[in-house]
Amino acid sequence: MLFAWFLSSSWGHSDPQLKCHSGGAPFHCHGMGMVSYLPHYPDYAEEEEEETANKVMSLPDSMENLTLIRQLNLGYNHLSYLSEEELDSLFISISKIPNLNKLWLSWNDLTTLPESFGNLTRLTELHLEYNQLTSLPESFGNLTRLTILDFIDNQLTTLPESFGNLTRLTKLDLGYVKLSNLPLSIGNLTNLTDFRLSGNQFKTLPESIENLTRITRLDLSSNKLSGLSEEELDSLFNSISRIPNLKTLHLEYNQLTSIPESIGNLTCLTDLKLYDNKLTSLPMSIGNLANLTELDFRKNQITILPESIGNLTRLTKLNLLRNQLTEISESIVNLTLLTELDLSSNHLSELSEKELDSLIKSISKIPNLTELDLSSNQLTTLPESIGNLTNITEL
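(A) Fine view of the overall build of the protein chain. Of the regular secondary structure elements, the protein chain holds 3 helices and 16 strands. Residue burial in the protein chain is summarised as follows: out of 395 residues, 50% are buried. Considering only residue pairs separated by 6 or more positions, the protein chain has 44% of its internal contacts joining residues 24 or more positions apart. Split by element, the accessible area of the protein chain, about 17700 Å² in all, is 45% carbon and sulfur.

Structure follows, in structure tokens:
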């Protein structure tokens, strides 16, 4: 049974013998040009366009006869060259493929979608990443069967209210699309588990965000959070704390210089990414995040850890690479499940011999620690207590 039709430029250019698959059995299809059928679609988002690009401008009416096609890849074509009328005609043709449920339109420099796009009501997965879309038609809300939607790297500044009709979405990537706010209707997407908003300009999230009770992963990396006032930043973290089952939070690459005490409200978090910011200290409330298993603060300017760090007794990985630590709280001995600790590229050379000895003794009391990185600290000597690190396998 044939499942997918590929018309993208990036498939098959490395091997002139393209393969068709039927029920897992491969067939050699010599001379088929850029057309191939596959049961599984690999991810080509990072591949570069080559000279083998197609220039599909339209699809024949007979496409509706291809009743077994489930996936269509039109990535890396030249759809931006089409007139509005031609683009409208193309999507009308696509909508006639009766069992199509996955569509790739990536890397086409599309700036707009016609209202006829709303006819693709059978789609469950849609990829529009790496285009130049500035807006979406109101009819986009007709795609109510979508479960996966990828818009990464477009030029969207707003979303239509009808976006809230996409209530079956489980994964939504709106990374790098120039959004500064979300419609209130976003709160209707109650099946979302993975919500990616990296590379935008968010200052706050709508109150309806608390309706998204199934979100486990939220990505707000590379936004402009450093431009927020203390009050705005506090409000943002309060908004995030309304997501009851959030497990993973990405806040890296935001040039944050401080974190409000309200971060302590995110008590369900298991994984917190705050690397590549400009943090100089951490709030005491960080110790409230007792469910954390991974904490990444690398590439900041932290000079000291709060005593409450010792409350994070479920931590298994703690990354503090490239900070400005001159001392480590003795409460670190409470991190009994910790297996990896990275203290490289800090300022531990400023410790006296006695202080360094005390630090190593504290670290040696962490029973499950197997990986310790103290490199690039300009240490000139190691204390005798280094011999206490009997469980370390990597040093």
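On we go from here.
(B) Main features of the confidence of the model for the protein chain. The pLDDT averaged across the protein chain works out to 85; a share of 86% of its residues lies at or above 70. Scored below 50 in pLDDT, residues 9-52 shows 80 contacts in the model against residues more than four places distant or in partner chains.

(C) Structural context of the pattern of salt bridges. Across all of its chains, the model carries 8 salt bridges by this definition. Linking Arg-196 and Asp-194 is a salt bridge whose minimum nitrogen-to-oxygen distance equals 2.9 Å. Since its relative accessible area comes to 22%, Arg-196 is described here as partly exposed. Put simply, Glu-210 and Arg-242 hold a salt bridge, and the shortest N to O gap is 3.6 Å.

(D) Spotlight on unusual backbone geometry. Positive phi, close to 55 degrees, is recorded for Ser-222, a residue that is not glycine. Note that Ser-222 resides in the loop between β10 (217-219) and α2 (230-240). On the basis of relative accessibility, which here comes to 21%, the residue Ser-222 falls in the partly exposed class. Even without a glycine there, the phi angle at Ser-376 is positive, about 55 degrees. For Ser-376, a relative accessible area of 54% gives the class exposed.

(E) Structural context of the nonpolar core. Among the nonpolar cores identified, the biggest contains 101 residues, and Leu-126, Phe-140, Phe-151, Phe-163, Phe-195 and Leu-272 are the most heavily contacted of them. Contributions of two or more residues to this core are made by α1 (84-95), α2 and α3 (353-364).

(F) Broad picture of the packing of aromatic side chains. What the rule picks out here adds up to 8 aromatic pairs. Look at Phe-91 and Phe-117: their rings are 4.9 Å apart centre to centre, the planes differ by 75 degrees, and that puts the pair in the edge-to-face class. One end of the pair, Phe-91, is in helix α1; the other, Phe-117, is in the loop between β5 (102-104) and β6 (125-127), with 26 residues separating them in the sequence. Comparing Phe-91 with Phe-117, the two get one shared label, buried. Here the aromatic residues Phe-91, Phe-117, Phe-140, Phe-151 and Phe-163 are joined through ring pairs into a cluster of three or more. For the cation-ring pair, Arg-298 lies above Tyr-275, with the distance from its terminal atom to the ring centre recorded as 4.0 Å.

(G) Structural context of α3. Between the first and last C-alpha of α3 there are 16 Å, a value that for 12 residues agrees with the 16 Å anticipated at 1.5 Å per step. Buried residues along α3 sit against β15 (340-342) and β16 (371-373).

Thresholds applied
Residues numbered from 1 in each chain as written. Predicted model: local features only at pLDDT ≥ 70, side-chain atom pairs only at ≥ 80, totals over all residues. Heavy atoms only, no water. Helix = DSSP H or I, 4+ residues; strand = E, 2+ residues; numbered from the N terminus. Buried < 20%, exposed > 50% of the residue type's maximum accessible area, 1.4 Å probe, protein only. Contact = heavy atoms within 4.5 Å. Areas by Shrake-Rupley, 256 points an atom, 1.4 Å probe, with all protein chains shown as cover. pLDDT = per-residue confidence, 0-100. Salt bridge = Lys/Arg side-chain N within 4 Å of Asp/Glu carboxyl O. Core = buried A, V, L, I, M, F, W, Y, C linked by side-chain atoms within 4.5 Å. Phe/Tyr/Trp six-rings, centres within 6.5 Å; stacked < 30°, edge-to-face > 60°. Lys NZ or Arg CZ within 6 Å of the ring centre and 35° of its normal. Expected span 1.5 Å × (residues − 1).

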